[in-house]
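Each chain, written out:
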Amino acid sequence: MNTLLRIDSSLRLEDSHSRRMGDYFVKQWNIKHPDGAVIQRDTTRQSTPHLTQQTFDAFLDENLFSEDLLLSDQLIGELYQSSEILITCPMYNYGIPSSLKAYFDLVIRTKKTFVSENGIKGLLSDKKAHIISVMGGIHSIPGGMNPLETHLTSILNLMGIRDITYFPLEGTAIPDQLSEKTELLETSIIKHLN
Ligand SMILES: Cc1cc2nc3c(=O)[nH]c(=O)nc-3n(C[C@H](O)[C@H](O)[C@H](O)COP(=O)(O)O)c2cc1C
C-alpha cells in the first residue's frame, strides 16, 4: 500500500500558503492512490523538542535513556512506514522553520536512518520525497534551487532519499502574480502525479 507521510511546519494554522499547497497535493495524491494512507506530522501543532545532549548521547549508547528517544523512535517509525514524504516548508529568516530542523535532528540517527561504513550511507533509499517550499520574497537563482530546497535536499540525501520533486512558491509577499504562480504550482503537482 502507498503511504504518504505529510510533514507541515508553518507557524500559521490559518491562511498558510504552504499548508494550502500541501492540502492540494494530498487531495491530488488521494485521487491517484484511492487506497493509500496519509500519516500527518505537524512540527507546529505537535511537540518537537530540540535535540539535547542527553538525547544525542542516548542515540549513540543503547544503555542510556532519554524521554525524547521515544519520540525519535516514533518519528523514525513513521518514515519507515511511508513510501513517500511530503514536506511543506515556509522560509523564516532565510532558513527552514526551527521546529522542522528540530524534527530532522530527531530523525537523523546513526544505525536508524543512516550508517557510517566507508562514508555515510542513508537507509531510506526506497522513499520518494516532495518539497513544497514557500517564501515571501524571491530567493532562487534562475534554474537553481532556493535555499530551503538546498538544505532539505542535503538532509534527505543523508538519509538516502534522492528521488525528490520540488514545488516552490516564491513571492507570497508580492501580491502581483501570486494567484497565477499558485495556479502554475497546482498544475505542476497534477502533472507530476499523473
Ligand atoms: C518569522 C518570519 C520570518 C520570515 N523570514 C522570511 C525570509 O527570510 N525570507 C522571505 O522571503 N520570507 C520570509 N518570511 C515570509 C514567509 O516566508 C512567508 O510569509 C510565507 O508565505 C510563510 O509561509 P506560510 O504562508 O505557509 O505560513 C518570514 C515570515 C515570518 C513569520
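For clarity, every value in this text was computed on a predicted model and none was experimentally measured.

A closer look at the UniProt feature "binding site: FMN" (unreviewed entry) in the chain
For step 1, the next point in the chain: Under the UniProt annotation, the feature "binding site: FMN" (unreviewed entry) is placed at Ser 10, Ser 16, His 17 and Ser 18.
For step 2, the next point in the chain: Topologically, Ser 10 is positioned in the loop between strand S1 (3-8) and helix H1 (17-32).
For step 3, the next point in the chain: Owing to a relative accessible area of 3%, Ser 10 belongs among the buried residues under this scheme.
For step 4, the next point in the chain: The contacts of Ser 10, once residues within four sequence positions are left out, are Ser 16, Ser 18, Arg 19, Thr 44, Pro 90 and Tyr 92.
For step 5, the next point in the chain: Within the structure, the side chain of Ser 10 is placed 3.0 Å from the backbone nitrogen of Arg 12, a separation counted as a polar contact.
For step 6, the next point in the chain: Position of Ser 16 relative to the elements: it lies in the loop between S1 and H1.
For step 7, the next point in the chain: Looking at Ser 16, the relative accessible area reads 6%, which means it is buried.
For step 8, the next point in the chain: Polar side-chain contacts of Ser 16 include one of 3.0 Å to the backbone nitrogen of Arg 19.

Notes on the layout of surface pockets
For step 1, the next point in the chain: For the largest pocket, the calculated volume is near 190 Å³.
For step 2, the next point in the chain: Ala 58, Phe 59, Leu 60, Asp 61, Glu 62, Leu 64, Leu 69, Arg 109, Thr 110, Lys 111 and Lys 112 are the residues that line the largest pocket.
For step 3, the next point in the chain: Class assignment for the residues of the lining of the largest pocket results in five nonpolar, one polar and five charged.

Considerations on the environment of Leu 185
For step 1, the next point in the chain: As for its position among the elements, Leu 185 is in helix H6 (residues 178-193).
For step 2, the next point in the chain: With a relative accessible area of 5%, Leu 185 lands in the buried category.
For step 3, the next point in the chain: Taking the C-alpha atoms as reference points, Leu 185 and Ala 173, separated by 12 residues in sequence, lie 17 Å from one another.
For step 4, the next point in the chain: Those residues in contact with Leu 185 that sit more than four places away from it in its chain are Met 21, Phe 167, Pro 168 and Leu 169.

Description of the pairing of strand S3 (residues 84-90)
For step 1, the next point in the chain: With seven of seven residues buried, S3 is to be regarded as a mostly interior element.
For step 2, the next point in the chain: Judged by which residues are buried, S3 turns out to be covered on both faces: Glu 84, Leu 86, Thr 88 and Pro 90 on one side and Ile 85, Ile 87 and Cys 89 on the other are all buried.
For step 3, the next point in the chain: As paired elements, S1 and S3 share four bridges and run parallel to each other. Note that in S3 the partner of Leu 5 across the bridge is Ile 85.
For step 4, the next point in the chain: In the sheet, S3 pairs with strand S6 (residues 128-135) via seven bridges, with the strands oriented parallel. The residue bridging Leu 86 from the neighbouring strand is His 130, located in S6.

Description of the pattern of salt bridges
For step 1, the next point in the chain: Summed over all chains, the structure comprises eight salt bridges.
For step 2, the next point in the chain: Note that Arg 19 and Asp 42 form a salt bridge whose closest N and O atoms lie 2.7 Å from each other. In this pair, Arg 19 is assigned in helix H1 and Asp 42 in strand S2 (residues 37-42), connecting sequence segments 23 residues apart.
For step 3, the next point in the chain: Asp 42 gets classed as buried once you look at its relative accessible area, which sits at 7%.
For step 4, the next point in the chain: Asp 126 is the salt-bridge partner of Lys 127, the closest N and O atoms lying 3.7 Å from each other.
For step 5, the next point in the chain: You can call Lys 127 buried: its relative accessible area is 5%.
For step 6, the next point in the chain: Linked by salt bridges that have partners in common, Arg 6, Asp 8 and Asp 23 make up one network.

Points about the sheet that holds S2
For step 1, the next point in the chain: Spatial strand order, S2-S1-S3-S6-S7: five strands in an open sheet with parallel pairing. The open sheet has two edge strands with one neighbour each: S2 and strand S7 (163-170). Between one strand and the next, the sheet's axes are offset by a mean angle of 15°, whatever the strand orientation.
For step 2, the next point in the chain: Bridging between S6 and S7 involves eight bridges; their strand directions are parallel. Bridging from a neighbouring strand, Ile 132 pairs with Phe 167 of S7.
For step 3, the next point in the chain: The strands touched by H1 are S1, S2, S3, S6 and S7; relative to S1, the strand with the most contacts, the crossing angle is about 175°.
For step 4, the next point in the chain: Each of S1, S2 and S3 is contacted by helix H3 (residues 67-81), which is oriented at about 145° to S2, the strand it contacts most.

Each value, and the rule that gives it
Residues numbered from 1 in each chain as written. Predicted model: local features only at pLDDT ≥ 70, side-chain atom pairs only at ≥ 80, totals over all residues. Heavy atoms only, no water. UniProt positions renumbered as here; feature names shortened; annotations may be inferred. Helix = DSSP H or I, 4+ residues; strand = E, 2+ residues; numbered from the N terminus. Buried < 20%, exposed > 50% of the residue type's maximum accessible area, 1.4 Å probe, protein only. Contact = heavy atoms within 4.5 Å. Polar contact = N/O pair within 3.5 Å; in protein donor to acceptor, adjacent residues only side chain to side chain. 1 Å grid on protein atoms, 1.4 Å probe; cavity = no way out; pocket = protein on both sides within 12 Å on 5 of 7 lines; lining within 4 Å. Points joined across faces, edges and corners; volume = space filled by probe spheres on them. Nonpolar A, V, L, I, M, F, W, Y, C, P; charged D, E, K, R; others polar. Pairing = 2+ DSSP bridges. Salt bridge = Lys/Arg side-chain N within 4 Å of Asp/Glu carboxyl O. Axes fitted to C-alpha atoms, helices over the stretch in contact; angles between N-to-C directions.

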